[in-house]
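Breakdown of the fold
Listed here are the chains, written in short residue letters.
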Amino acid sequence: MACLLETPIRMSVLSEVTASSRHYVDRLFDPDPQKVLQGVIDMKNAVIGNNKQKANLIVLGAVPRLLYLLQQETSSTELKTECAVVLGSLAMGTENNVKSLLDCHIIPALLQGLLSPDLKFIEACLRCLRTIFTSPVTPEELLYTDATVIPHLMALLSRSRYTQEYICQIFSHCCKGPDHQTILFNHGAVQNIAHLLTSPSYKVRMQALKCFSVLAFENPQVSMTLVNVLVDGELLPQIFVKMLQRDKPIEMQLTSAKCLTYMCRAGAIRTDDSCIVLKTLPCLVRMCSKERLLEERVEGAETLAYLIEPDVELQRIASITDHLIAMLADYFKYPSSVSAITDIKRLDHDLKHAHELRQAAFKLYASLGANDEDIRKKIIETENMMDRIVTGLSESSVKVRLAAVRCLHSLSRSVQQLRTSFQDHAVWKPLMKVLQNAPDEILVVASSMLCNLLLEFSPSKEPILESGAVELLCGLTQSENPALRVNGIWALMNMAFQAEQKIKADILRSLSTEQLFRLLSDSDLNVLMKTLGLLRNLLSTRPHIDKIMSTHGKQIMQAVTLILEGEHSIEVKEQTLCILANIADGTTAKDLIMTNDDILQKIKYYMGHSHVKLQLAAMFCISNLIWNEEEGSQERQDKLRDMGIVDILHKLSQSPDSNLCDKAKTALQQYLA
């Protein structure tokens, strides 16, 4: 019975709360315009900093009435402006408030307000739009629905420092991806915003800078343009460099460093340019020090990771700047029990966001260790590093798990570490756990790393095999994601390299011939190449070749024929001929080639091909078929002589390519022996 009382109790509490707010809404309907204006002003004062009051007024239907007054031609400009201010204040409450405002179609109403000649009203509309568009619940697309909006906003940039600040803030929050960048760029964003970098207002300079960082990100067209823009006789990169000097506010230093980083990554600034090596990189390393706030350390490390990711020289410079590798170890100890943070609110915030530090550290370690063996060694020797990565693999945050896997993948490129640290910490165990159930983005990196752990010199190969990796990898080859198909087949290829017959049989059984042939007709070239590599590794050592060909020979020969007849690259056909050469090295498997005139004609055709790689691969097939010491060699030699193979060998023995010439001479000796 108690449950039945709950609803009425809630209703009565709500009605009490809303009753005290109702008179604010009632006054909006007064026939006297002056009283309505005063009512809106009183409402404005009542909602400032009061989320409860904001929620009550929304529940009571204040928003539709405010929007009505805002759009009424008979409303005074002062009333319209005050309505926009109240709506902006309501938007500053919770995300639910913003959702309610969006449901009432506030954005078209405010955008319409921007057509007014009155500057104060325009500024109030823009301030409210800024608050709504910076909320995570607002779809950015709403800014681009009407094609006239962006050019109008560009025109309003010159009206006042407030229009400049709010419009730049709206642009930087609503520019997500290349389509938005193109729209803003085509409407003159670069030219209209560049001069704002020298504005007397810090807020305007800052918002303009943020605009350039989102416009330049992964965008060569914008970045190449920015490099040549002049502001008061100074090039934009020089202005950015001035803005990242130590005496500037941290936010400005960081955002300028981002602009230069993005321009560098987009190919507009060279990686060895002094503005990158001597200014941007050291500035980002400074941001990683423990004196900085948590969000500054996160942004600094992530931007630095992005800057140095493709460039080994920048990785080396960063690794020896301000003891960066050791400095990053502090990211895992934060906040410490003896933390210097006395502000309880700040401490509470940092405890909730400490995982972002770990994610950033993993990302930067991954970039630092991407190419250089000495740097990888330094990272792994940093206190408890491997334990921290292993712990990171099972964190609740997907982003931390992804960053930890990326870091591990970067370090797994080292043969030395695969044999030592990776084995000491049994890294494969948590990795296999990650692979059992993870989002695709984690699976792609984790499976890529598994490829490295399955290389023949890796001590982890055996235990991984014993833990059911074959089924897991065969499952990946059926993924709709081509990157997962590639990694699944790549790992199987590594697994099959110089493997025992049992492992090869397990792979073939789990994969199934149907799936193998599906992969051989995959539209992704990488999948096809790795599948051919797997077949080549399966068909190695004679007993294995004969065993596999005795059970799967017909299908394999069919697949080989299809590929050699198809429109494929030189690399694909070379791999396919190498598979034939392996089959020709079998004892009984040879017969599958010798009894197949179609295949023999194809080998003959490729011996005379214009590409040396294909000629060499075809030569390997012939050499294996005519080798003297093997049973039945005489009959095979005779058949191939009748086909005109000896004539081709004589011709090839005169080849300008020394390798091909030697192989042809060796083959001819088999006929003379």
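Residues numbered from 1 in each chain as written. Predicted model: local features only at pLDDT ≥ 70, side-chain atom pairs only at ≥ 80, totals over all residues. Heavy atoms only, no water.

1. A closer look at the overall build of the protein
Selection criterion: For the purposes of this entry, the term helix denotes a DSSP run of H or I that reaches at least four residues, the term strand denotes a run of E that reaches at least two, and both are numbered from the N terminus. Our radius of gyration looks at C-alpha atoms and nothing else; its globule reference is 2.2 Å times the residue count to the power 0.38. Only protein chains enter the accessibility calculation, which uses a 1.4 Å probe; a residue whose area is less than 20% of its type maximum is buried, one above 50% is exposed, and one in between is partly exposed. Per-residue and other accessible areas were derived by the Shrake-Rupley procedure at a 1.4 Å probe size, with only the shown protein chains allowed to occlude residues. Only four residue types enter the tally: Lys and Arg on the positive side, Asp and Glu on the negative side; His and the chain ends are excluded. By convention, the point assigned to a charge is CZ for Arg, NZ for Lys, CD for Glu and CG for Asp.
The secondary structure content of the protein amounts to 42 helices and 2 strands. Here the C-alpha radius of gyration of the protein, 34 Å, is well above what a compact globule of 673 residues would show, namely 26 Å. Put simply, the protein has 673 residues, and 55% of those count as buried. Accessible surface, the protein: about 30900 Å² in total, of which carbon and sulfur atoms supply 53%. Here the protein holds 70 positive side-chain charges and 77 negative ones, and the gap between their average locations is 3 Å.

2. Describing the packing of aromatic side chains
Keep this limit in mind: Pairs were defined over the aromatic rings of Phe, Tyr and Trp, the Trp ring being its six-membered one, requiring ring centres within 6.5 Å. Orientation was assigned from the angle between planes: stacked under 30 degrees, edge-to-face over 60, tilted for the rest. In this analysis the charged atom, NZ for Lys or CZ for Arg, is taken to sit over a ring once it is within 6 Å of the ring centre and within 35 degrees of the ring normal.
For the structure shown, the criterion picks out 7 aromatic pairs. Taken together, the aromatic side chains of F217, Y262 and Y306 make up a single cluster linked through ring pairs. Residue placement shows R265 over the ring face of Y306; its charged tip is 4.2 Å from the ring centre. Taking the ring centre of W490 as reference, the NZ or CZ of K530 above it sits at 4.3 Å.

3. Some details on the environment of M327
Here is the rule: By definition in these notes, contact holds between two residues if any of their heavy atoms fall within 4.5 Å.
Structurally, M327 can be placed in helix α20 (residues 324–329). Residue classification places M327 among the buried residues on the basis of a relative accessible area of 14%. C-alpha of M327 to C-alpha of A438: the two residues are 111 residues apart in sequence and 31 Å apart in space. If near-sequence neighbours (up to four positions away) are discounted, M327 is found in contact with V285, C288, S289 and D322.

4. Here's the deal with the UniProt feature "repeat: ARM" (unreviewed entry) in the protein
Put simply, the rule is: UniProt positions are given in the numbering used here, feature names are shortened, and annotations may be inferred rather than shown by experiment.
Within the UniProt annotation, "repeat: ARM" (unreviewed entry) is assigned to residues 61–97. Helix and strand shares over residues 61–97 are 76% and 0% respectively, and the end C-alpha atoms of the span are 12 Å apart.

5. Points about the domain arrangement of the protein
Quick reminder of the rule: Boundaries of every domain are those given by an automatic assignment or by a domain database. Defined in terms of a 1.4 Å probe, buried area is the accessible area two parts forfeit on being brought together, summed over both. We call two N or O atoms a polar contact when they sit within 3.5 Å, provided that within protein one can donate a hydrogen and the other can accept it, with sequence-adjacent residues counted only if both atoms are side-chain atoms. Gly falls in the polar group here, along with every residue not listed as nonpolar (Ala, Val, Leu, Ile, Met, Phe, Trp, Tyr, Cys, Pro) or charged (Asp, Glu, Lys, Arg).
Segmenting the protein into domains produces domain 1 (414–538) and domain 2 (566–672). Taking only C-alpha atoms, the centre of domain 1 and the centre of domain 2 are 32 Å apart. Facing the 7 residues of domain 1 at the interface are 9 residues of domain 2. For the pair domain 1 and domain 2, the summed buried surface comes to about 700 Å²; carbon and sulfur atoms form 71% of the total. For the pair domain 1 and domain 2, the number of links is 1 residue pair in polar contact (both at pLDDT 80 or more). For the side of domain 1 that touches domain 2, the class distribution of residues is 5 nonpolar, 1 polar and 1 charged.

6. Remarks on helix α17 (residues 274–286)
Using the following cut-off: In this analysis, the expected span of each helix is defined as 1.5 Å times one less than the number of residues it contains. We define the bend at each residue as the angle formed by axes fitted to the 7 residues ending at it and the 7 residues starting at it.
Between its terminal C-alpha atoms α17 stretches 17 Å, which fits the 18 Å expected from 13 residues at 1.5 Å a residue. At T280, α17 shows its maximal kink, close to 30 degrees; a proline, P282, follows between one and four residues later. Of all the residues in α17, the buried ones are C275, I276, V277, T280, L281, C283, L284, V285 and R286. Taken together, the buried residues of α17 touch α15 (236–243), α16 (250–265), α18 (294–308), α19 (312–319) and α20. The opening residue of α17 is D273, an N-cap whose side-chain oxygen sits 2.9 Å from the backbone nitrogen of C275.

7. Focus on the side chain of H609
Topologically, H609 is positioned in the loop between α38 (597–607) and α39 (612–626). For H609, the side chain forms a polar contact with the main-chain nitrogen of H611, separated by 2.9 Å. Dropping the residues within four chain positions of it, H609 is found in contact with I570, L614 and Q615.

8. Quick notes on α15
The buried count for α15 comes to 6 of 8 residues, which makes it a mostly enclosed element. Among the residues of α15, those classed as buried are L236, P237, I239, F240, V241 and M243. Looking at the packing, one finds that the buried side of α15 touches α13 (202–216), α14 (220–227), β1 (230–231), β2 (234–235), α16 and α17.

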